[in-house]
Structures are given as structure tokens and as C-alpha cells.
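Analysis of the macromolecular model
Residue strings, one per chain:
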Amino acid sequence: MTKFAIGIDFGTQSGRAVLVEVSSGKEVASSVKEYTHGVMDEWLPDGITRLEDDWALQHPADYLEVLQVTIPEVLQKAEVSADDVIGLGIDFTACTILPIDKHGQPLCMLDEYASHPHSYVKLWKHHAAQEEANILNEIAEKRGESFLNRYGGKISSEWMIPKIWQILNEAPDIYELADQIVEASDWVIYQLTGELKRNSCTAGYKAIWNKKLGYPSKDFFKSLDPRLENVVEEKLSDKVYSIGKKAGEITLNMANLIGLNPGTAVAIANVDAHVSVPAVGITEPGKLLMIMGTSTCHILLGEEERVVPGICGVVEDGVLPGLMGYEAGQSCVGDHFEWFTENCVPASYHLEAEERGINIHQLLTEKANSLAVGESGIIALDWWNGNRSTLVDADLTGLLIGATLLTKPEEIYRALIEATAYGTRMIVETFRTHGVPVNDIYACGGIAEKNSMMMQIYADVLKMEIRISSSSQTPALGSAMFGSVAAGKEQGGYETIFDAAAVMGGVKDQTYVSNKKNADVYDQLFEEYQKLYDYFGRGQNNIMKRLKKIKKDSLQVKDGGVVC
Ligand SMILES: Nc1ncnc2c1ncn2[C@@H]1O[C@H](COP(=O)(O)OP(=O)(O)O)[C@@H](O)[C@H]1O
Ligand SMILES: O=C(CO)[C@@H](O)[C@@H](O)COP(=O)(O)O
């Protein structure tokens, strides 16, 4: 009898489920549920509580809706019975965290806290804890904390400890009230199985946890703030579970809600980027995978732990058992194309796209594709949402240089795409310079699937061939693979994730090959990009930060109603 596994990828804007045939990796059905509350970056659901700049929240009820909608839908579409589903896995954006009470109830779902911003899920791209991150980095450096080496020299404001500290600083009542502060991924597994098991991937990459050393010392936390001395015991847990293991089984109550059988195996949660690695069939060092969507994550396996400045982290067993998993990233990729289409494209372009039945990205891509490399005379920095790697600074902002009265929207669109490719080249070169080989490049995610011009630009800028995942839902496929490992061989699944990857993962036959003529011009442009990168990103000119400060002060005056 054919057996199936389900994988669910909880992204930035939606949750996506795939139903996969375990013996072949064939995806037989998929379903997408947009989050009802979307990303909350201006208002809370009450419509009256306004969020400050750099906030990005989600509502946990949206995650449960994803389970309730997408699982029955994939079963129905494929006409597969729940009896034939042996396992379920999920992956999530990270670091995406929420405070919960002792019953596992998110604080934002309690009436009395529904209008309190700090009671909600802080999404990975919530950047309002930059101040806490700066102080943390300063103190850690002064104390010579060795963990900094594993995180490229800096802890990002996107990660767990700065976010927790921001709650403590700005809402000590919420901090006190929270029985635990958990990754949203672990919370969903908790809802499915009744067991809270923190996964080693988010703990390792986002919460400064190490397999051998655990969390930083109490003394370190105390040096940040005496109230944080016991943060691990009080709000986290030093019990961390390895990815690739079974978390538990679906409870009766949950089974009724989502249409699966009680007792179905559920895998320990994983992160969207990391879970994608075995899904493209990567199980060895030297192959860098770009997971390209709202943001881009770069995941690479290595044999040894090396110090690589500005990466997000290197975690033993963080991606696959027995190997070092390196992560780097760019905080905004698709997100800044979206910003551009929504804010800077004339109505005539939108009309043309509508009349031709294509979307605005496709129209701009088509126009941009007819430009020669360098023809527009413009270049951009890809920091519209800060810089994750290699500068680890959420306070950096966007830059476009060279525009004239003749500059066209498609030229800017292309410059933004090129900027993200240069950003990736900075990351690849940084890995290589610090002794971590990058021999092959792979890509997956919404953009790798949708925009072939962009993938060709990346091949030309990186001067490397790019292989594309055979799945259009790579993270969800990876999660289904972990689901089949959680079920185990006896149930028709697999013993290890390596066995599952060999059968279920893979890439398309078509690859993107670098064009020498284009690559030569891109070399010149990349040199210019590097100069801008160093000038604006490494302290020679902190104009981006000064502008942010002026903006903050100005808004305070405006909101406070002070009239000069
Ligand atoms: N044809 C396209 N070219 C470039 N970017 C695109 C295109 N279509 C959508 N996008 C961008 O892709 C992002 C969504 O990526 P996707 O992988 O689907 O989701 P997520 O990042 O939530 O996992 C959006 O930011 C959107 O602007
Ligand atoms: O940072 C990570 C993983 O470490 C991602 O979850 C985060 O960049 C969000 O990913 P998406 O852009 O939504 O695919």
C-alpha cells in the first residue's frame, strides 16, 4: 500500500502543505493558506494600537488555521485516506517567537493582553530589538565570550535573546507573566502532540545554544541585566531535542481538527531554510543552497567549525547529523521587489500587466531582461530591510545610485535584483576566504521557481552554475521527509534523513550556466558594490543611522503634537 507523509512550511505570508508519496518523493497535492492577519507591522488586530517602526508581528491563530485548512485539502485533492499518512513534519521561519502561559496558551490570545504588542508573535524580521543586540554584542565582546565566534562575531537583533530582552525592557509585566518564551515552530508541534520539545536547529542558530556547551553562562546573562540571570530556567529550557527525531504523535483532539489519525508520527520542528537542504538532495559539504523568497538564507555544510565573520551561525548537527551547518542570509530579497512594485511603479505598468494577464513582477522582469548588463548606469545596495550577512546590522537602509531623468522602473527593478546577487557574492567570498569551501550552488524557494532572469543574473554575478530544486515547495518537501523519518522504517518511512534524501530529494535537469561576457561586466559592477558596501556599512559614513535617528525624533515630535 502506498504511504504518504505531509510537510508544512510556515512562511512569512502563508503556510503551505504538501502531501508526498514516501517511496518516491512525488508531491501528489499541495495547498496554501494565506495568514488571516498577515504580517502586522503597523497595527494590532484591534485596529487602534499602532506599532512602532521596525516591528513585525504575527498571530498564532493563523498557524492553527493553516493546519485546519491545508491538511484536509491535500487529502481531499489527492483522494488519500488519513490511514495512509504515516508522518507529519513542519518547518518555520525563525527566529519567530511568542510568550505563552503555563497551559501553552499564547498571551495575545488572552482577552486582557490582546492589545499588548509584546504579547504577540515576534516575527523573524521584527527588528526593534537592535538596541538590545548592540549592547549584548558590546558586552559579549568585552567579556571575550567565545560563543561570538560561532555567530560570525555578532548576535543579530532578529535572534532570540535580543527579542526576549526587548520584552523585558519594554513590557516587564508580559515577561513576568510568560511561563515560557518559545519558537513558533515548537509551539505548533506542542499543539499537535501535547508536548513542548524545543528543536536543536532554532536553539542552535537563534538562541545561542550549543550541543556541547549549552547556553551562555548565567554570569553572562546577569551582565546583560540582573533580571536575565535565570532566563534559561525561567523562560527557555536546556532540554533541547535533535532534528531528525520524533516529537510525538497527533493527539485525539488535534486529529479531529485537522483530519489526520490520532497517533500519526510528528517530527521535531525545523527551520524553513535548513529543512530544504536534504530536499534538494544535498548531504555533503561544499554545496551552498540559497532559499530565495521574502528573504534569502544561505545554508552550507562543512566538515569543521570555522570562524566566518558576519555569518548567522555555525551549528554542529544543525542541518544534518554529523556535519557542521553554516547559515548566512539576506534580510530582504523578494520583500524589496515587492516594496518597489507597490510603491514605485506607475499605473500604466500595472494596467499593462493586467491587460496581458501577467503579474507586475513578470512584466518588470520581461522589460528588465532586454537590458544589457550595465546599460542602466545604476547600482543599488540591498539593505531595504537591513543587512543580515555579513554586516549583521538591521539599522542599515537602502541605496540607489546613478539614477537620472531617463531611468525606467525596469532598470531600478533589475538593479535591485543585481544588488541581491552582489550581496550573495559577498557571502560566498566570505565563506571561501575563511576556509569554508563553496564548490556548487543550488537554489530553491518561490523566486528560484518564478524568475529565471534573476537566476541567470545570479549565475553571471557568482560566475557559477546554479542548480534548481525539483520541488516548487522545497521546505515543505523537506518537512515531509523528516515526517517520514519520524514515522520510521517499520511504518513505511525511513531510518535516517540521509536515506530519505537519497530517494525523495533532487534537482531539475535544467541549470543556469554563467555567461562569460556578462560576468566580466558584473565583475566591474561588483567592485563598485563592494566600495559602497564598505563605505556605508562599515562606519565610514553612518548617514543611514543618522537619518533613522532624525526620522525617529521627527515622528516623536509629530505624534506628541509638539508645535514649534
Ligand atoms: N516573479 C517574481 N520575481 C521576483 N520576486 C518575486 C516574483 N514573484 C514574487 N516575488 C517575491 O517573492 C516573495 C515571496 O516568496 P515565497 O518564496 O513565495 O514566500 P516566503 O518567502 O514567504 O517563503 C515576495 O516577497 C514577492 O515579492
Ligand atoms: O532566517 C530564517 C531562517 O534562519 C528564515 O526563516 C527567514 O529568513 C524567513 O524566510 P522566508 O523569507 O520567509 O522564506
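Quantities reported herein were computed from a predicted structural model and do not represent experimental measurements. (Residues numbered from 1 in each chain as written. Chains lettered and ligands numbered in written order. Predicted model: local features only at pLDDT ≥ 70, side-chain atom pairs only at ≥ 80, totals over all residues. Heavy atoms only, no water.)

What about the environment of Met544?
Tracing the backbone through its elements, the reader meets Met544 in helix α21 (residues 543-560). On the basis of relative accessibility, which here comes to 4%, the residue Met544 falls in the buried class. For the pair Met544 and Tyr458, spaced 86 residues apart in the sequence, the C-alpha separation amounts to 27 Å. Setting aside its immediate chain neighbours within four residues, Met544 contacts Leu381, Trp383, Asp395, Leu396, Thr397, Gly398, Leu399 and Phe536. (Helix = DSSP H or I, 4+ residues; strand = E, 2+ residues; numbered from the N terminus. Buried < 20%, exposed > 50% of the residue type's maximum accessible area, 1.4 Å probe, protein only. Contact = heavy atoms within 4.5 Å.)

Description of the site of ligand 1
Lining the immediate surroundings of ligand 1 are 16 residues, of which Arg16, Thr294, Gly334, Gly446 and Asn451 lie closest. Taking Thr12, its main chain carries an N or O atom lying 3.3 Å from an oxygen atom of ligand 1. Considering every element that reaches the shell around ligand 1, the biggest residue donor is helix α12 (residues 334-343), with four residues. Among the residues making up the shell around ligand 1, the classes are represented as four nonpolar, eight polar and four charged. Here the shell around ligand 1 gathers at least three residues from each of two domains, domain 1 (4-126 + 159-207 + 239-274 + 474-507) and domain 2 (286-437 + 519-554). (Near = heavy atom within 4 Å. Polar contact = N/O pair within 3.5 Å; in protein donor to acceptor, adjacent residues only side chain to side chain. Nonpolar A, V, L, I, M, F, W, Y, C, P; charged D, E, K, R; others polar. Domains from an automatic or database assignment.)

Points about helix α19 (residues 497-504)
Residues Ile497, Ala500, Ala501 and Met504 constitute the buried set of α19. The arc enclosing the buried residues of α19, seen along the axis, measures out at 100 degrees, which places them on a common side. Summarising the contacts, the buried residues of α19 are in contact with β2 (14-21), α11 (276-279) and α18 (474-487). In this structure Thr496 caps α19, since a side-chain oxygen of it lies 3.3 Å from the backbone nitrogen of Phe498. (Arc of directions from axis to C-beta.)

Details of the UniProt feature "domain: Carbohydrate kinase FGGY N-terminal" (unreviewed entry) in the protein
Mapped onto this numbering, the UniProt entry gives "domain: Carbohydrate kinase FGGY N-terminal" (unreviewed entry) at residues 5-276. Helix makes up 33% of residues 5-276 and strand 20%, whereas the separation of the span's terminal C-alpha atoms amounts to 16 Å. (UniProt positions renumbered as here; feature names shortened; annotations may be inferred.)

Observations regarding the domain arrangement of the protein
The domains assigned to the protein are domain 1 (4-126 + 159-207 + 239-274 + 474-507) and domain 2 (286-437 + 519-554). Averaged C-alpha coordinates put domain 1 and domain 2 at centres separated by 27 Å. Taken residue by residue, the interface counts 17 residues in domain 1 and 23 residues in domain 2. For the pair domain 1 and domain 2, the summed buried area comes to about 1700 Å², and 57% of that belongs to carbon and sulfur atoms. The largest contributions to the domain 1 side of the interface with domain 2 come from Trp124, Tyr205 and Ala273, which together make up 33% of the buried area. Run the count over domain 1 and domain 2 and you get four salt bridges. The tally of links between domain 1 and domain 2 comes to six residue pairs in polar contact (both at pLDDT 80 or more). Among the secondary structure elements, those contributing two or more residues to the side of domain 1 that touches domain 2 are α7 (200-206) and α19. Looking at the side of domain 1 that touches domain 2 element by element, the count peaks at four residues for α7. Of the residues belonging to the side of domain 1 that touches domain 2, the class tally is nine nonpolar, four polar and four charged. (Buried area = accessible area lost by both parts, 1.4 Å probe. Salt bridge = Lys/Arg side-chain N within 4 Å of Asp/Glu carboxyl O.)

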